Amino acid sequence: MNRIFLSPPHMNGEELLFINEAFKSNYIAPLGPMVDAFEYEFASKIGLSHAVAVSSGTAAIHLALRILGVGYGDEVFASTMTFIGSVSPIVFQGARPVLIDADPQTWNMDPNLLSIEFECCAANSRLPKAVVPTDLYGQCADYERIFECCKKYDVPVVIDAAEALGARYNGGSAGAGAQAAAFSFNGNKIITTSGGGILASDDKAFIDRARHLSQQAREPFPHYEHTEIGYNYRMSNIVAAIGRGQLRVLDDRVQKKREIFRYYSDKLNDVPGIEFMPEAPYGRPNRWLTVILITPDEFGADREKVRLALEAENIESRPVWKPLHLQPVFQTYENESSESETKDFYNSTLTDGKVLCRVVGGKVAEDLFERGLCLPSGTQLTTEDLDRIISIIISCSKNS
Ligand SMILES: Cc1ncc(COP(=O)(O)O)c(C=O)c1O
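Residues numbered from 1 in each chain as written. Predicted model: local features only at pLDDT ≥ 70, side-chain atom pairs only at ≥ 80, totals over all residues. Heavy atoms only, no water.

For the structure on display, the rule yields 3 cavities of 30 Å³ or more. Taken as a whole, the largest cavity spans an internal volume of roughly 60 Å³. Lining the largest cavity are 13 residues, with Pro-8, His-10, Lys-189, Ile-190 and Thr-379 sitting closest to its centre. A per-class count over the lining of the largest cavity returns 4 nonpolar, 6 polar and 3 charged. The calculated volume of the second largest cavity comes to roughly 40 Å³. Lining the second largest cavity are Leu-6, Tyr-137, Asn-188, Trp-288, Leu-289, Arg-318, Pro-319, Trp-321 and Cys-374. A class-by-class count of the residues in the lining of the second largest cavity yields 7 nonpolar, 1 polar and 1 charged. (1 Å grid on protein atoms, 1.4 Å probe; cavity = no way out; pocket = protein on both sides within 12 Å on 5 of 7 lines; lining within 4 Å. Points joined across faces, edges and corners; volume = space filled by probe spheres on them. Nonpolar A, V, L, I, M, F, W, Y, C, P; charged D, E, K, R; others polar.)

Shown next, in the form of structure tokens:
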């Protein structure tokens, strides 16, 4: 049996036309007309005014935080239920992550906890420099409530929409309404360029500055002139060609991902001990991955047993993100008077290489990690593939 992967790339053929065009023009370079066109088409597609294409989603978040002036001694609020690339840019900037627990209704950053945390920080005159909520597994965080909170304290929001391209929040697109939003085109994402990312915003000056920093902060001189340190983060012309081809099928991919979710949920929703990631009333997720929770007492097996049963049939599934506050790289503490805090607030990286970070709650994310399993969600899956996966899952249940 060929392996079924979690979310493999799905090319549509048009990518090759754009790649050929790029080859013919001999723009085998970072930058070039494909990059310009991809940025324009991407921004138009999602309804934001400006975009800069970069080498990864992580790079996009990093640029945003750098532009916001995040630095040594600052705190930045982020989701604990997310991928490390959402938070590592905070550490790149020498700042400290404050990891906020998930809302059980959406699995995204809990707006109530955020609000309470803001109040505490304001009372101590220590507001965060930015807030970076993740749109988890293609479902937007509760933007309205998060924006309201951040606006009150005049703190900018950068949405980590790496997984959420094509998702909607009320009438708008994932990432809309924030200071900026970052998207990823990593190989497993809903559309891919093999690797890459975009930072998008309605703020032209912000994107112009990101573009400048992403190109080694080169000043406009005939020779190479630098007045500050930048990064080599630009997307190449060939990679952008793939992106242009992929962008044309984004709507089809969203539709197919949602159909896959519906198929799984039609067949598994009534199985005792299985529940699906809830769909928040405020939006329409892209269902990048279909994710289930397995309650062992009711189902008869835990998520690891199900994962291994799928693996034995050469089918890839994956536990949900391990909450970042449980990652060994972080040394966590809960409040500002704790020992590690008083020892050295400003030095986030400890001598043993661990990074200090503060955690707000965490039990919801821990439970999701304990019980959550991401099911194969590739847009080339057939009904036979899905039926096979479903029957293996059901075979693990105590009622099988
Ligand atoms: C939530 C989240 N944030 C950030 C990233 C980082 O994106 P990239 O891999 O393009 O750097 C990813 C994906 O890989 C992600 O899933």
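Read on, since the account is not over.
It is worth spelling out the side chain of Gln-246 at this point. When you line up the elements, Gln-246 lands in helix H8 (residues 237–247). Residue class for Gln-246 comes out buried when judged on its relative accessible area of 1%. Looking at Gln-246, its side chain comes within polar contact range of the main-chain oxygen of His-10, at 2.9 Å. When neighbours within four sequence positions are excluded, Gln-246 is seen to be in contact with His-10, Met-11, Asn-12, Glu-15, Ile-191, Thr-192 and Arg-253. (Helix = DSSP H or I, 4+ residues; strand = E, 2+ residues; numbered from the N terminus. Buried < 20%, exposed > 50% of the residue type's maximum accessible area, 1.4 Å probe, protein only. Polar contact = N/O pair within 3.5 Å; in protein donor to acceptor, adjacent residues only side chain to side chain. Contact = heavy atoms within 4.5 Å.)

Here 5 strands make up an open sheet; going across it, the order is E4-E2-E3-E15-E14 and the pairing parallel. One side of each edge strand has no neighbouring strand; the edge strands of this open sheet are strand E4 (130–132) and strand E14 (330–333). Sheet twist, expressed as the average angle between the axes of neighbouring strands with direction ignored, equals 30 degrees. Where strand E2 (residues 75–79) meets E4, 3 bridges bridge the pair, whose relative direction is parallel. Paired with Ala-78 across the two strands is Val-132, which belongs to E4. Lying on the sheet, helix H5 (residues 111–123) is in contact with E2, strand E3 (96–100), E4 and strand E15 (355–360); it crosses E2 at an angle near 170 degrees. (Pairing = 2+ DSSP bridges. Axes fitted to C-alpha atoms, helices over the stretch in contact; angles between N-to-C directions.)

What follows covers the environment of Ile-294. With respect to the helices and strands, Ile-294 occurs in strand E12 (residues 290–294). On the basis of relative accessibility, which here comes to 1%, the residue Ile-294 falls in the buried class. When the C-alpha positions of Ile-294 and Asn-335 are compared, they lie 32 Å apart, and in sequence the two are 41 residues distant.

In this model, the largest pocket occupies a volume close to 280 Å³. What lines the largest pocket is a set of 21 residues, among which Thr-58, Phe-83, Ala-162, Ser-184 and Lys-189 lie closest to the centre. Tallying contributions element by element places helix H3 (residues 57–67) first for the lining of the largest pocket, with 3 residues. Its residues assigned to classes, the lining of the largest pocket shows 4 nonpolar, 13 polar and 4 charged. Roughly 230 Å³ of internal volume is contained in the second largest pocket. Considering the residues around the second largest pocket, the lining is formed by Pro-30, Leu-31, His-212, Ser-214, Gln-215, Gln-216, Arg-218, Tyr-224, His-226, Asn-232 and Arg-234.

Looking at helix H7 (residues 204–214), one finds that the buried residues are Phe-206, Ile-207, Ala-210, Leu-213 and Ser-214. Taken end-on, H7 shows its buried residues confined to a sector of 125 degrees, consistent with a single buried face. Looking at the buried side of H7, the elements it contacts are strand E1 (50–54), H3, strand E8 (180–184) and strand E9 (197–201). Taking the backbone nitrogen of Ala-205 as reference, a side-chain oxygen 3.1 Å away marks Asp-203 as the first, capping residue of H7. (Arc of directions from axis to C-beta.)

Limitation: the analysis is restricted to geometry and does not speak to function.
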